[in-house]
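Here is how the chains run, residue by residue.
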Amino acid sequence: MPLDTYRVNRGPASKGWGIEPFSGSSRRHRNRDGDRLTKSGATPCDGGVIQSGILNPHLLALLARVRHTNTIVIADSMFPSWPGLVEVDLSLVYGIPTIPQVLSAVLANWKCGAAWMASEFEGSNDSAVRDEFRRAFGAVPLVLEPHRSLKLRVPRAMGLIRTGEARIYTNVVLESA
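From a predicted model like this one, the values you see are computed outputs, not experimental measurements.

Calculation rules
- Residues numbered from 1 in each chain as written.
- Predicted model: local features only at pLDDT ≥ 70, side-chain atom pairs only at ≥ 80, totals over all residues.
- Heavy atoms only, no water.
- Axes fitted to C-alpha atoms, helices over the stretch in contact; angles between N-to-C directions.
- Helix = DSSP H or I, 4+ residues; strand = E, 2+ residues; numbered from the N terminus.
- Parallel < 35°, antiparallel > 145°, perpendicular 65-115°, else oblique.
- Contact = heavy atoms within 4.5 Å.
- Nonpolar A, V, L, I, M, F, W, Y, C, P; charged D, E, K, R; others polar.
- Buried < 20%, exposed > 50% of the residue type's maximum accessible area, 1.4 Å probe, protein only.
- Arc of directions from axis to C-beta.
- Polar contact = N/O pair within 3.5 Å; in protein donor to acceptor, adjacent residues only side chain to side chain.
- Pairing = 2+ DSSP bridges.

## Description of the packing of helix 2 (residues 99-109) against helix 4 (residues 127-137)
Here comes step 1: At their nearest, the axes of helix 2 and helix 4 sit 8 Å apart, and the two run at 10 degrees to each other. With respect to helix 4, the element helix 2 is oriented roughly parallel. Residues Ile99, Pro100, Leu103, Ser104 and Leu107 of helix 2 lie in contact with helix 4, whose contacting residues are Glu132, Phe133, Ala136 and Phe137.
Here comes step 2: Tallied by class, residues from the contact of helix 2 with helix 4 come to seven nonpolar, one polar and one charged.

Here is the structure:
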């Protein structure tokens, strides 16, 4: 028999717990229309699952922990691990996802007040890449600073989001508004 044809029976304390066959026809396991319900009370096709926006539970948990003026890092695939820093690795293959893709998803769901990138980004990437990043930032104020200064911001961050980004000097520090 399939697993959903059994249910846990909570009997009196003297009898304890048990498992008994279940036909699935009980009224309390169906909605008004007679559709079978899951444990949460939803029908199997209701979803109950996030179906838009950020789907990664580790990324959602990190973003939920960030408070006013806390920072997070969105890093390329080569960025070093940082001891004590929560790391969410989104990298799939070299180049996927890119930092602008992750930025777009994060900024659509998270209020950002400021962003920092290495000033070396400008001289190391062509105008198409720079424009792609500007579009991803939208109205978020961007400050360019030397790469070494940017790395000094990392230990104070709440977490690091690693991407598959392959382009040089594309790491970003975001500060919540």
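Still to come is the rest of the account.
## As for helix 1 (residues 57-65)
Here comes step 1: Taken as a whole, helix 1 has its buried residues at Leu59, Leu62 and Leu63. For helix 1, the angular spread of the buried residues around the axis is 95 degrees, confining them to a single face. Relative to its buried face, helix 1 has exposed residues pointing more than 90 degrees away, namely Pro57 and His58.
Here comes step 2: On its buried face, helix 1 is in contact with strand 3 (71-75), strand 4 (86-89), helix 2 and strand 7 (159-162).
Here comes step 3: The backbone nitrogen of His58 has a side-chain oxygen 2.9 Å away, supplied by the residue at the start of helix 1, namely Asn56.

## Some points on unusual backbone geometry
Here comes step 1: Of note, the amide linkage connecting Ile96 to Pro97 takes the cis form, showing an omega dihedral of -10 degrees.
Here comes step 2: Secondary-structure assignment places Pro97 in the loop between strand 4 and helix 2.
Here comes step 3: A positive phi is found at Thr69, a non-glycine position, where the angle reads about 70 degrees.
Here comes step 4: Its place among the elements puts Thr69 in the loop between helix 1 and strand 3.
Here comes step 5: Its identity is not glycine, yet Tyr169 carries a phi of approximately 55 degrees, on the positive side.
Here comes step 6: Of note, Tyr169 is situated in the loop between strand 7 and strand 8 (172-176).

## Here we look at the pairing of strand 5 (residues 112-118)
Along any regular strand the residues' side chains alternate between the sheet's two faces.
Here comes step 1: Burial analysis of strand 5 places six of its seven residues in the buried class, which makes it a mostly covered element.
Here comes step 2: Pairing of strand 5 with strand 8 involves five bridges; the strand directions are antiparallel. Opposite Ala114, over in strand 8, you have Glu175 as the bridge partner.

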